[in-house]
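One-letter residues, chain by chain:
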Amino acid sequence: MTLSDAPSAAVLVARAGAHRCALPTHDVVEVMRRQPVRAIAPLAAFIEGLAVIRGQAVPVVSLPRLFDPAATETTARFISVRIGHRLVALAVSEILGMRRLPARQLSVLPPLLGAIEQTAVSGLEVLDHQLLVVLDCARLISDGDWAELATGQDP
């Protein structure tokens, strides 16, 4: 069943720089404070390096830098997501909470990948196609949609 087939879907809402992102909770393993990151040979601006999470070396992807490679904002939280049998940490500015969105509302929200430069999307596809699939399910939430969610109004 896809998200649009379900009557509603649970999402984790996070801020990544100037963007609000809704990630389906079925991909989320845990949310945590930012962990120390060890830089690795530069692959792409949005790859921060590796963090040790639950004893595993996990790649860290900066969502603010995925939107804007020149972003300098320090991220405060990690969202670990399951990618097949492994984890990837998504570095975000802040966690805004969990919401249950009606499928019809979720289906009209723009995809997160639509706001990312094509070169970054191509870089993701080369580096980690499975991560690209997970991010393809994420959606952007506009100021207006966020205001409706915050007040509990049904659009």
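What counts and how
Residues numbered from 1 in each chain as written. Predicted model: local features only at pLDDT ≥ 70, side-chain atom pairs only at ≥ 80, totals over all residues. Heavy atoms only, no water. Helix = DSSP H or I, 4+ residues; strand = E, 2+ residues; numbered from the N terminus. Contact = heavy atoms within 4.5 Å. Buried < 20%, exposed > 50% of the residue type's maximum accessible area, 1.4 Å probe, protein only. Core = buried A, V, L, I, M, F, W, Y, C linked by side-chain atoms within 4.5 Å. Pairing = 2+ DSSP bridges. Axes fitted to C-alpha atoms, helices over the stretch in contact; angles between N-to-C directions. pLDDT = per-residue confidence, 0-100.

Participant: How do you make sense of the environment of Leu-101 when you look at a structure like this?
Facilitator: Within the secondary structure, Leu-101 is located in strand S8 (residues 94–102). Considering only alpha carbons, one finds Leu-101 and Ala-9, 92 residues apart in sequence, at a separation of 5.4 Å. If we skip the residues at most four places from it in the chain, Leu-101 touches Ser-8, Ala-9, Val-11, Leu-106, Leu-109 and Leu-149.

Participant: Honestly, unusual backbone geometry in this entry has me stumped. Any pointers?
Facilitator: Of all residues except glycine, most have a negative phi; of all peptide bonds, most are trans. The phi dihedral of Arg-54 is positive, around 55°, even though this residue is not glycine. On the basis of relative accessible area, Arg-54 is assigned to the exposed category, the value being 68%.

Participant: Would you mind showing me how to read the nonpolar core here?
Facilitator: Within soluble globular proteins, side chains that are nonpolar tend to cluster in buried spots. One finds Ile-79, Leu-90, Leu-112 and Leu-135 to be the most contacted residues of the largest nonpolar core, which totals 26 residues. Elements represented by at least two residues in this core include exactly strand S1 (8–16), strand S2 (19–24), helix H1 (63–67), strand S6 (77–83), strand S7 (86–92) and helix H4 (129–136). No other element matches H4, which puts four residues into this core.

Participant: What is the right way to read the sheet that holds S8 from this model?
Facilitator: Here we have four strands laid out as an open sheet, ordered S8-S1-S2-S9, and antiparallel in their pairing. A strand with exactly one partner marks an edge of an open sheet, and here the two such strands are S8 and strand S9 (139–140). For S1 and S8, the ladder comprises eight bridges, and the chain directions are antiparallel. Bridge pairing in S8 links Ser-8 to Pro-102.

Participant: When you look at the sheet that holds S6 in this model, what are you seeing that I'm missing?
Facilitator: Adjacent strands of a sheet form backbone hydrogen bonds with each other and so pair up, either parallel or antiparallel. The sheet built from five strands is open, its strands ordered S3-S6-S7-S5-S4 with mixed pairing. At either end of the open sheet lies a strand with only one pairing partner, and these are strand S3 (28–33) and strand S4 (47–53). Shown here is a sheet whose adjacent strand axes are inclined to one another by a mean of 30°, direction ignored. As judged from the seven bridges shared by S6 and S7, these two strands associate in the antiparallel manner. Residue pairing in the sheet places Arg-77 in a bridge with Val-92 of S7.

Participant: Would you take a moment to explain the confidence of the model for the protein chain for this structure?
Facilitator: In low-pLDDT segments, the atomic positions of the prediction should not be examined closely. The predicted model of the protein chain has a mean per-residue pLDDT of 85, with 86% of residues at 70 or higher. Across the protein chain, the secondary-structure element scoring lowest on mean pLDDT is helix H3 (residues 118–127), at 65, and the one scoring highest is S3, at 97.

Participant: Teacher, can you tell me more about the pairing of S6 here?
Facilitator: A regular strand carries its side chains on alternate faces of the sheet. Most of S6 is tucked away, with five of its seven residues classed as buried. Sheet topology places S3 next to S6; five bridges connect them, and they run antiparallel. Residue pairing across strands places Met-32 opposite Phe-78, the latter belonging to S6.

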